[in-house]
Amino acid sequence: MSGMLPMHPRLVSLEGGEGAGKSTALAAVRELLAARGHEVVLTREPGGTPLAERIRGLLLDPGERTQGAAAEPLHPETELLLMFAARAQHVAQVVRPALERGAYVVSDRFTDSSYAYQGAGRGLDPQWIADLERRTVGLRPGLTLLLDLDVREGRARTSGRDLWPDRIESEQDDFFERVRRGFRQRAAAEPERFAVIDAAQPPQAVGRDVAAAVAAWLDRQVQA
Ligand code: Z5A
């Protein structure tokens, strides 16, 4: 079970639906940690290493632009395993080495996205995801910032940004509603790890709330 994995005191993840404003949040986290004198490694999933970025390309390619592969659907099980293939590489190459040398790692998405998208969204068994997490990741973030936003509002923010929506962005609203519920359920189940941020606010207010959540988390660690 994910609940039994240790939370790492220098691993921070950012989660949320499409258009939630993870870029603003990422900048706020980096600024606060750097101001306190910490080395900060910013990374993302799926991706974060050259090989994992290639897997990301396979995962997000809408198909139409892939020579010869247009007619082949990506099955939910394949999607999950590719997410974890990218994650295993990312954790081994980037996350663990950075944590071991004392840096803070801030990841734009991490394992909670697999529970929300492939678990809640696609309907795959969360126990299978937990097993993959235990075998390939072995840790949970110490802090997960969930940028929570109405699905339609998030999609309105990104519509028109991309000429071609990627494969996951092309899903219908009901898929993203399940994903949002999945994230919120995880946050409710692990309140000691999650900080839920109201992402409907203007960017400056989101940045302020994110910085406050990180500062409170760091202060709790000093007191512990
Ligand atoms: N995925 C998965 O299924 N399973 C997994 O295990 C993992 C990932 C790890 C790629 O992730 C996809 O992979 C993602 C989940 C899946 N699919 N979807 N959907 P990604 O993180 O690269 O993709 P994304 O979530 O779609 O990114 P995004 O849409 O770019 O979201 P964002 O990073 O949160 O948004 P942003 O770039 O910060 O902002 C988006 C726009 O909104 C931009 O024009 C901003 O100016 C605007 N914005 C931002 N904040 C505000 C506020 N506060 N007010 C108004 N406008 C705002």
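Note: the structure precedes this text.
Residues numbered from 1 in each chain as written. Predicted model: local features only at pLDDT ≥ 70, side-chain atom pairs only at ≥ 80, totals over all residues. Heavy atoms only, no water.

So, about the overall build of the protein chain. Assigned secondary structure in the protein chain consists of eight helices and five strands. Secondary structure elements in the protein chain, listed N-terminal to C-terminal, are β-α-β-α-α-β-α-α-β-α-α-β-α. Radius of gyration (C-alpha) of the protein chain: 17 Å, near the 17 Å computed for a compact globule of 224 residues. Seen along its three principal axes, the alpha-carbon backbone of the protein chain occupies a region of about 55 × 40 × 30 Å. Relative to its 224 residues, the protein chain shows a buried fraction of 49%. Relative to all contacts within the protein chain whose residues are 6 or more apart in sequence, the contacts with residues 24 or more apart total 81%. Summed over all atoms, the accessible surface of the protein chain reaches about 11,000 Å², with 53% contributed by carbon and sulfur. When the 29 basic and 32 acidic side-chain charges of the protein chain are each reduced to a single mean position, those positions are 3 Å apart. (Helix = DSSP H or I, 4+ residues; strand = E, 2+ residues; numbered from the N terminus. Rg over C-alpha atoms; globule rule 2.2 N^0.38 Å. Buried < 20%, exposed > 50% of the residue type's maximum accessible area, 1.4 Å probe, protein only. Contact = heavy atoms within 4.5 Å. Areas by Shrake-Rupley, 256 points an atom, 1.4 Å probe, with all protein chains shown as cover. Lys, Arg positive; Asp, Glu negative; His and termini not counted. Charge placed at Lys NZ, Arg CZ, Asp CG, Glu CD.)

In total, this model carries four aromatic pairs according to the counting rule given. Summarising the aromatic geometry, the rings of Tyr117 and Phe183 are spaced 6.1 Å apart at their centres and angled 80° between planes, so their arrangement reads as edge-to-face. Of the two residues, Tyr117 sits in helix α4 (residues 111-121) while Phe183 sits in helix α7 (residues 173-189), which places them 66 residues apart along the sequence. Residues Tyr117 and Phe183 agree in their burial class; the two are buried. With a centroid separation of 5.2 Å and an interplanar angle of 85°, the aromatic rings of Phe175 and Phe176 are classed as edge-to-face. Residues Phe175 and Phe176 agree in their burial class; the two are buried. Members of the aromatic cluster, connected to one another through ring pairs, are Tyr117, Phe175, Phe176 and Phe183. A cation sits over an aromatic face here: Arg87 above Phe84, 4.7 Å from the ring centre. Cation over ring: Arg186 sits above Tyr115, and NZ or CZ is 3.6 Å from the ring centre. (Phe/Tyr/Trp six-rings, centres within 6.5 Å; stacked < 30°, edge-to-face > 60°. Lys NZ or Arg CZ within 6 Å of the ring centre and 35° of its normal.)

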